[in-house]
Structures are given as C-alpha cells and as structure tokens.
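Given next are the chains, with one letter for each unit.
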Amino acid sequence: MEQKLLQMAEEAKKVLEEAKSLEEINEVRIRYLGKKGELTRILRGMGALPPDRRPRVGQVANEVREVIEATIAARTAAVKERIKQARLLAEKIDLTLPGTNFSLGHFHPLTLVQRQIEDIFLGLGFEIAEGPEVELDYYNFEALNIPKDHPARDMQDTFFIGEEVVLRTHTSPVQVRTMERMAGRIPVKVIAPGKVYRRDDDATHSPMFHQVEGLAIDTRITFGDLKGVLQTFAAEMFGTSTRTRFRPSFFPFTEPSAEMDISCVMCGGRGCRVCSYSGWLEILGCGSVHPQVLEMSGYNSEEVTGFAFGMGIERITMLKYGIDDLRLFFDNDLRFLEQF
Ligand code: DAH
C-alpha cells in the first residue's frame, strides 16, 4: 500500500508538469486529492491492513498529500507567472502616460457660508455653542417668553415629537441653554449655527433649514453694540459698501426688537426685481434680550443686558450667490453643487 501511494505521488507530479492552465491544475488536484480521488480510493484499503501497520501507512499518505499539494502550488505559481508575462507582452503598458484623475468632493454651499459666518463672528470674539435639534418645549418656547397660548407660536409651524418635545423651530433655544450653562457668569458671547425644522415647503421654505443664533450678555451692552456687530458682519459677508438699516419689529424674547435689512446685493440699493424695487433686503431678526428671558435663565436683569439675533443661512447663501430657489440646496443635483 505504501508502494501504491508513492507511485501515485510520482504519477501526479508528472501529470502536473504537463498541466498548462489553472483549470488543468485544478483537475489534477481533484483527481488525486479530491473527496472521490485516488488518495481516498487507496486509503479505503486501510481497513484490511493489520492494525500495527496502519500508522506508518497513514504517515506516508500525509507525506504524499503534502508533496502533491506543494507541487500544485509551485505549478500554479509558474503558470500564473507565465500568464502575466504573456499579458505584459501583449498589452505593452506605457508607464509614461498620465494616471487617471479621481475627482475630490467639496463642501456644500450652505456649509461654506456657515463656516464663513462662523469665521466672521469668531473674529469678533464670539464662541460657538450647540444645542439639540430635538428640543424641549421649555427651551424652544417657554424660556423664550413664549407661553403655551401665546399667538407668537403660530408664527412657527412646529413638528411635535411628543407633548413636551419638539423639533426645534429656531436656534434661539441655544440662548437659553447657554445661559444655563454659564450660570450667571459674564461675558457671554456665542453664536449657535445649526438645523431647524418647520412645517413649510415651497420655493423659499424648506421643512429643514439652517440658522445662526447670536447672543451677547455683559454689563452695559446696548443696542448700539448690536448694530455695530451686525454692520461689521454685513460688511464682511456682502462687501464693505453694504449698508444696513433696522426696522422695528416684534419677537417675544427681545425688547426692543428689530429686523435688519441690508442694501440690495444685486442693485446696490437702486431697486431691482430681487429687492422688489425697494433697494433693501431683510436678512435677520434681532433685539435687546428681554429682561424676562434673562431672569428665567438666572441672570439679574438689573445688572446685565444683552443682545441677540437670528438669521437663516439659506437666505444669506441665496443672496450671496444669486440663487432663486431654495430647493436647489437639497436636490443634490451635481450640476448645481459643482458650481461652488
Ligand atoms: N428665532 C427667530 C426666528 O426664527 C429669529 C430671531 C429673532 C432670533 C430675533 C433672535 C432674535 O435671537 O433676537 O424667527
């Protein structure tokens, strides 16, 4: 039986020498080492051997298997190398040709503008604060001086998650969270960029959009500080010739409240279609922080004052780049996105 095994090994080696393709090599493997192959067939005779000879035969069988496997491996490598050489000859690869360009992605226009806004305010000494997008009613409304039955709630079509939990309708709740975190310390100077949500959907409204909130608290902060900061912002964002104006408005969390306009970025204020021939574009809401809001979040409104503002990043981006439909930001059409 040992003899048979050794013979089989010799035979297999010879056959392998002749195998010219990977398929042929595989056939040889199956023929000798496969489940129904030669080796198995010979070993079936083991039962007939006297027990004391079986270990020796088993050992030879293992050796034979190893020898055949090693021969297969060597032959496979040789055949592969031959195939490669043949291909290299046939293809004539020109290593001096330029490589394939792969294109890099880039930032979304809203991200670009958000970063630019952040840079401007960081330069003015503000820090960046964050808050959750799934927000408590308390932070989104109550603590901003908007009680349950207040008509101002109608201004913001709210997505409710639960009785007391909403998708934040603006970034203003980060004002409250920041004041709580600062626990009465001054100065406070933060901006809070992020996503907000309202039940709204047309060419100028999206159910998800972005705002940047601003909040400053210190002793003797005045409306003049607010105007100075926002005028600087407008000049850096839209160019130094940009003028600003403040119109009285109403927000429950500021008193007095204002809307800030900038001179039209398209016509410079002469009047055009974009500014409805008024020369002005509204870009944000702002005001002096309402004493009630300061008090609710642990600040003494006799000792400190503050200003706050909130702007929509989509609107700023649309004005900056002359984009007339907000839905373009979220369609993910590369023909649009690749322009930035
Ligand atoms: N939260 C307001 C909104 O979404 C915007 C706003 C107005 C924020 C005045 C402010 C502010 O901080 O002082 O419509």
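This one's a predicted model, so the numbers in the text were calculated from it and none came from an experiment. (Residues numbered from 1 in each chain as written. Predicted model: local features only at pLDDT ≥ 70, side-chain atom pairs only at ≥ 80, totals over all residues. Heavy atoms only, no water.)

Asker: Which parts of the structure should I look at to understand the overall build of the protein chain?
Answerer: From N to C terminus, the protein chain includes 12 helices and 9 strands. Taken against the 2.2 N^0.38 rule, which gives 20 Å for 340 residues, the C-alpha radius of gyration of the protein chain at 38 Å runs more than 25% over that of a compact globule. Seen along its three principal axes, the alpha-carbon backbone of the protein chain occupies a region of about 105 × 55 × 35 Å. Within the span of the protein chain, comprising 340 residues, buried residues form 40% of the whole. Within the protein chain, contacts between residues at least 6 apart in sequence are counted, and of these 67% link residues at least 24 apart. Charge separation in the protein chain, taken as the distance between the mean sites of 42 positive and 50 negative side-chain charges, equals 12 Å. (Helix = DSSP H or I, 4+ residues; strand = E, 2+ residues; numbered from the N terminus. Rg over C-alpha atoms; globule rule 2.2 N^0.38 Å. Buried < 20%, exposed > 50% of the residue type's maximum accessible area, 1.4 Å probe, protein only. Contact = heavy atoms within 4.5 Å. Lys, Arg positive; Asp, Glu negative; His and termini not counted. Charge placed at Lys NZ, Arg CZ, Asp CG, Glu CD.)

Asker: Help me understand the packing of aromatic side chains, please; the structure alone is not making it clear to me.
Answerer: By convention here, two paired aromatic rings are described through the distance between centres and the angle between planes. Counted according to the given criterion, the structure contains 11 aromatic pairs. A centroid spacing of 6.1 Å and a plane angle of 75° characterise the contact between Phe-223 and Phe-246, whose relative ring orientation is edge-to-face. Here Phe-223 is found in helix 8 (residues 223-238), whereas its partner Phe-246 is found in strand 6 (residues 244-251), with 23 residues between them in sequence. Judged by its relative accessible area of 22%, Phe-223 falls in the partly exposed class. Arranged with centres 4.9 Å apart and planes meeting at 85°, the rings of Tyr-321 and Phe-340 form a pair that is edge-to-face. (Phe/Tyr/Trp six-rings, centres within 6.5 Å; stacked < 30°, edge-to-face > 60°.)

Asker: Help me understand the packing of helix 1 (residues 2-18) against helix 4 (residues 54-91), please; the structure alone is not making it clear to me.
Answerer: How two helices sit against one another is set out by the angle between their axes and by the gap between those axes. At their nearest, the axes of helix 1 and helix 4 sit 10 Å apart, and the two run at 5° to each other. Here helix 1 is positioned roughly parallel relative to helix 4, judged by the angle of their axes. Contacts between helix 1 and helix 4 involve Glu-2, Leu-5, Leu-6, Met-8, Ala-9, Ala-12, Lys-13, Leu-16 and Glu-17 from the former and Arg-56, Val-57, Val-60, Ala-61, Val-64, Val-67, Ile-68, Thr-71, Ile-72 and Arg-75 from the latter. (Axes fitted to C-alpha atoms, helices over the stretch in contact; angles between N-to-C directions. Parallel < 35°, antiparallel > 145°, perpendicular 65-115°, else oblique.)

Asker: Would you mind showing me how to read the sheet that holds strand 5 (residues 208-218) here?
Answerer: Hydrogen bonds between backbone groups are what pair the strands of a sheet, and the pairing can be parallel or antiparallel. Here 7 strands make up an open sheet; going across it, the order is 1-4-5-9-8-7-6 and the pairing mixed. Each end of this open sheet is capped by a strand with a single partner; those strands are strand 1 (127-128) and strand 6. Pairing of strand 6 with strand 7 (residues 254-263), which is carried by 7 bridges, proceeds in the antiparallel orientation. Note that in strand 7 the partner of Pro-248 across the bridge is Ala-258. Running over the sheet, helix 5 (residues 109-123) touches strand 1, strand 4 (188-197), strand 5 and strand 9 (305-312) and is turned about 165° from strand 4. In the packing of helix 7 (residues 173-182) onto the sheet, contacts are made with strand 4, strand 5 and strand 9, and the angle to strand 5 comes to roughly 40°. (Pairing = 2+ DSSP bridges.)

Asker: Just to check I follow, could you spell out the pairing of strand 4 for this structure?
Answerer: In the case of a regular strand, side chains alternate between the two sheet surfaces. Within strand 4, 8 of the 10 residues are buried, which leaves the element mostly enclosed by the surrounding structure. Looking at chain direction, strand 1 and strand 4 are connected through 2 bridges and run parallel. Bridging from a neighbouring strand, Glu-127 pairs with Val-190 of strand 4. Two elements, strand 4 and strand 5, share 10 bridges in a ladder whose sense is antiparallel. Within the sheet, the bridge partner assigned to Lys-195 lies in strand 5 and is His-210.

Asker: How do you make sense of the side chain of Thr-244 when you look at a structure like this?
Answerer: With respect to the helices and strands, the residue Thr-244 is situated in strand 6. Setting aside its immediate chain neighbours within four residues, Thr-244 contacts Gln-231, Ala-234, Met-260, Asp-261, Ile-262 and Trp-280.

Asker: I'm lost on the pairing of strand 5 in this one. Help?
Answerer: By the criterion of burial, strand 5 is predominantly enclosed, with 10 of the 11 residues buried. Here strand 5 runs beside strand 9; their pairing, made up of 8 bridges, is antiparallel. Among the inter-strand pairings, Glu-213 is bridged to a residue of strand 9, identified as Gly-310.

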